[in-house]
Number of protein chains: 2
Amino acid sequence: MLTIPDFIDACREKGLNVTYQRIMIYKSLLRTNNHPTAEAIYHDVKAEYPSISLATVYKTLETLAEHDLIGKVTPLHDLARYDGDTQQHHHLVCLNCRKIMDIHDEQLNQLNLPRKNGFHISSYRIQFEGLCDDCQHRSNGRLKTAGGKEQTTFCGKGA
Amino acid sequence: MLTIPDFIDACREKGLNVTYQRIMIYKSLLRTNNHPTAEAIYHDVKAEYPSISLATVYKTLETLAEHDLIGKVTPLHDLARYDGDTQQHHHLVCLNCRKIMDIHDEQLNQLNLPRKNGFHISSYRIQFEGLCDDCQHRSNGRLKTAGGKEQTTFCGKGA
DNA sequence: CTTATTGCAAATAATTTGCACCAGC
DNA sequence: GCTGGTGCAAATTATTTGCAATAAG
């Protein structure tokens, strides 16, 4: 979490114009610990700057996330995806083709659970992110590593 | 992943009617390793059973997931949520009120990465799921632990 | 026979897009 | 002044819902 002056510098370094809206949106994220939705940020910012538009909030959040100035809590957010396997296991997610592979690994199922504020943990899942073999090799530079939503193909099935 | 006869028994045990559609959908999940979307399953099943409807696929997947006969890859799927913090960290997700809390824990940042099929892992995130303190105590039996999408409130902010 | 489930069509909700105007540099 | 960013309204996409017809137990 950067201070506002640092955020402004960071925008400049990345070639992003520094606008009032971007600053307001970043400030809104700074002041909540909520992991807010676009709507929530929109309402929050609107209180101080009523002319902001929801579309701007969406666009800004995407832009900032692409430039790693903020994070997106759920990278696979666009489509609900299901899994026949109900055992505890973990996932490898290809950031390019969005293929998901299963990881069954006993060691990863034995983590020491963190403790925080009386939260009662009943399970956990780990999402490993990166590039699958196909996308490292076959993709001829047409990668989109920034967590966006570009491809629809899942690299086929079994193969 | 159950065999079809076991799936049928499991449905009966849970009081779910065993329908042709449910079996086809489950079979489709069995035969792919794709973590498919509802659309993908719809197309797959439609090939063998053209009269199936997309709404049925959505309903069936939700039903099976609620009864733990299948899993949902992304439990926080319904809304995109953002985070001002770009350091590696992990999340506690309350399955009831959908509040998300941050976990910064050095040990959790040092996992041994699994290896699989040439996949190149660049980062990972752990999502711990359970009930926050508020929801364990204050909620008077009105819990919805089955990964559904019920509440809209995020239990307020700082508090 | 009774209730749960299906399938259709219409509704809703989240997010994206096109485009004209405006602001940052 | 040039280019990227904003705001509006309309479009798109995923998902849900109401309801009558049908199948499961």
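Along each chain, residue indices are assigned from 1 in the same order as the chain's sequence is written. Written order decides the labels, with chains lettered from A and ligands numbered from 1. In view of the model being predicted, local features appear only for residues whose pLDDT reaches at least 70, and side-chain atom pairs are presented and counted only at 80 or more, with totals across whole chains, interfaces and linings using the full set of residues. Excluded from the side-chain calculations are hydrogens and water; all other atoms, namely the structure's heavy atoms, are used.

**Some details on the pairing of strand β5 (residues 120-131) of chain B**
Link 1 in the chain: Two strands pair when backbone bridges link them, and strand β5 (residues 120-131) of chain A and β5(B) are joined in this way by 11 bridges, in the antiparallel orientation. Its bridge partner being in β5(B), I121(A) is matched across the sheet by G130(B).
Link 2 in the chain: Pairing between two strands is assigned when DSSP locates at least 2 bridges connecting them. Helix and strand labels come from DSSP, where a helix needs a run of H or I of at least four residues and a strand needs a run of E of at least two; each type is numbered from the N terminus. Sheet analysis places strand β3 (residues 90-94) of chain B next to β5(B), joined by four bridges and oriented parallel. What sits directly across from C94(B), in β5(B), is G130(B).

**Here we look at the interface of chain B and chain A**
Link 1 in the chain: By definition, residues are in contact when any of their heavy atoms lie within 4.5 Å. Facing 71 residues of chain B, the contacting portion of chain A comprises 71 residues.
Link 2 in the chain: Roughly 6600 Å² of surface becomes buried between chain B and chain A when both sides are summed, with 58% attributable to carbon and sulfur atoms.
Link 3 in the chain: Taken as a group, Y82(B), F119(B) and R125(B) account for 14% of the area that chain B buries against chain A, more than any other trio of residues on that side.
Link 4 in the chain: Here, a salt bridge means any side-chain nitrogen of Lys or Arg that lies within 4 Å of a carboxyl oxygen of Asp or Glu. Between chain B and chain A we count two salt bridges in total.
Link 5 in the chain: For R125(B), the salt bridge identified is with E129(A), shortest N-O distance 2.6 Å.
Link 6 in the chain: With 12 residues, the single largest contributor to the side of chain B that touches chain A is β5(B).
Link 7 in the chain: Of the residues in the side of chain B that touches chain A, the class split is 33 nonpolar, 23 polar and 15 charged. Summed over both partners, the accessible surface that disappears when two parts come together, traced with a 1.4 Å probe, is what is meant by buried area. Basically, the charged four are Asp, Glu, Lys and Arg, the nonpolar ten are Ala, Val, Leu, Ile, Met, Phe, Trp, Tyr, Cys and Pro, and anything else, Gly included, counts as polar.

**With respect to the protein's contact with DNA strand D**
Link 1 in the chain: Around DNA strand D, 22 residues are found, and the nearest of them are T19(A), Q21(A), R22(A), K59(A) and Y58(B).
Link 2 in the chain: Here a polar contact means two N or O atoms within 3.5 Å. Within protein one must be a hydrogen donor candidate and the other an acceptor candidate, and residues neighboring in sequence count only if both atoms are side-chain atoms. Contact distances for DNA strand D include 3.3 Å between a phosphate oxygen and a backbone N or O atom of S53(A).
Link 3 in the chain: The backbone of A80(A) places a nitrogen or oxygen atom 3.0 Å from a phosphate oxygen of DNA strand D.
Link 4 in the chain: Among the elements of the structure, α2 (20-31) and α4 (54-66) of chain A together with α4 (54-66) of chain B are those that each provide at least two residues to the surface near DNA strand D.
Link 5 in the chain: Counting residues per element, the surface near DNA strand D draws most heavily on α4(A), at four residues.
Link 6 in the chain: Of the residues that constitute the surface near DNA strand D, the class distribution is eight nonpolar, nine polar and five charged. Neighbouring residues are identified by heavy atoms, a residue being near a molecule or strand if any of them is within 4 Å of it.

**As for helix α3 (residues 38-48) of chain A**
One turn of an α-helix holds 3.6 residues; hence residues three or four places apart share an orientation.
Link 1 in the chain: Buried, partly exposed and exposed residues are distinguished by accessible area as a fraction of the type maximum, computed with a 1.4 Å probe on protein chains only: under 20%, between the cut-offs, and over 50%, respectively. Taken as a whole, α3(A) has its buried residues at A38(A), I41(A), Y42(A), D44(A) and V45(A).
Link 2 in the chain: Buried residues belonging to α3(A) abut α2 and α4 of chain A.

**Structural notes on the environment of A40(A)**
Link 1 in the chain: Position of A40(A) among the secondary structure elements: in helix α3.
Link 2 in the chain: For the pair formed by A40(A) and K14(A), sequence separation is 26 residues and the distance between their alpha carbons is 26 Å.

**A look at the domain arrangement of chain A**
Residue and element names in this part refer to chain A.
Link 1 in the chain: Domain borders in the structure are assigned automatically or taken from a domain database. The domain boundaries assigned to chain A delineate domain 1 (1-86) and domain 2 (88-159).
Link 2 in the chain: Across the boundary between the two partners, domain 1 contributes nine residues, which contact 14 residues of domain 2.
Link 3 in the chain: Interface of domain 1 and domain 2: buried area, both sides summed, is about 1100 Å²; carbon and sulfur atoms make up 48% of it.
Link 4 in the chain: Interface area lost by domain 1 to domain 2 is led by P75, L76 and R81, which between them contribute 45%.
Link 5 in the chain: In this assembly, domain 1 and domain 2 are joined by zero salt bridges.

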